[in-house]
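This is what each chain is made of:
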Amino acid sequence: MWKVKPLLDRQKNRVQTVEHLDVIFRSAHLIPVFGDGPLPDDFHFSFSLDVFNSYYVDRYADHHTFEIIF
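This one's a predicted model, so the numbers in the text were calculated from it and none came from an experiment.

**Student:** Before we go on, may I ask you to explain the overall build of the protein in this structure?
**Tutor:** Along the protein, the regular secondary structure elements total two helices and three strands. Expressed as a percentage of its 70 residues, the buried residues of the protein come to 13%. Contacts in the protein between residues at least 24 apart in sequence constitute 62% of all its contacts with a sequence separation of at least 6. Within the structure as shown, the protein displays about 6,500 Å² of accessible surface, and the carbon and sulfur contribution to it stands at 56%.

**Student:** Is there a simple way to think about the sheet that holds strand β2 (residues 30-32) in this case?
**Tutor:** Either a parallel or an antiparallel arrangement is found when strands of a sheet pair, and the pairing is made through backbone hydrogen bonds. Within the open sheet, the three strands sit side by side as β1-β3-β2. Their pairing is antiparallel. For this open sheet the edge positions go to β1 (2-4) and β2, each flanked by a neighbour on one side alone. Adjacent strand axes in the sheet meet at a mean angle of 40 degrees, parallel and antiparallel pairs treated alike. Across three bridges, β2 lies against strand β3 (residues 55-57) in antiparallel orientation. If you follow Ile 31 over to β3, its bridge partner there is Tyr 56.

**Student:** Could you clarify how one ought to interpret unusual backbone geometry in this entry?
**Tutor:** Peptide bonds are trans in most cases, and residues, glycine excluded, mostly fall at negative phi. One non-glycine residue with positive phi stands out, namely Lys 12, at about 65 degrees. Assignment of secondary structure puts Lys 12 in the loop between β1 and β2. Here Lys 12 falls in the exposed class, since its relative accessible area comes to 65%.

The rules behind each value
Residues numbered from 1 in each chain as written. Predicted model: local features only at pLDDT ≥ 70, side-chain atom pairs only at ≥ 80, totals over all residues. Heavy atoms only, no water. Helix = DSSP H or I, 4+ residues; strand = E, 2+ residues; numbered from the N terminus. Buried < 20%, exposed > 50% of the residue type's maximum accessible area, 1.4 Å probe, protein only. Contact = heavy atoms within 4.5 Å. Areas by Shrake-Rupley, 256 points an atom, 1.4 Å probe, with all protein chains shown as cover. Pairing = 2+ DSSP bridges. Axes fitted to C-alpha atoms, helices over the stretch in contact; angles between N-to-C directions.

The structure is reproduced here in structure tokens:
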């Protein structure tokens, strides 16, 4: 698996862009890199992209993803 991180500017803010649908080739499975402690009981998955600082990309998710990445 590969580890990816969001792009940050000089003030440590995440750089946000809007991508056109015609430039998206395939979706990716992002697996959060968890810390040492447990998540709070009331943690909702919809906050995952905002809370975690880095993610793993599973290149073996399926045959097509493996072929595209390699």
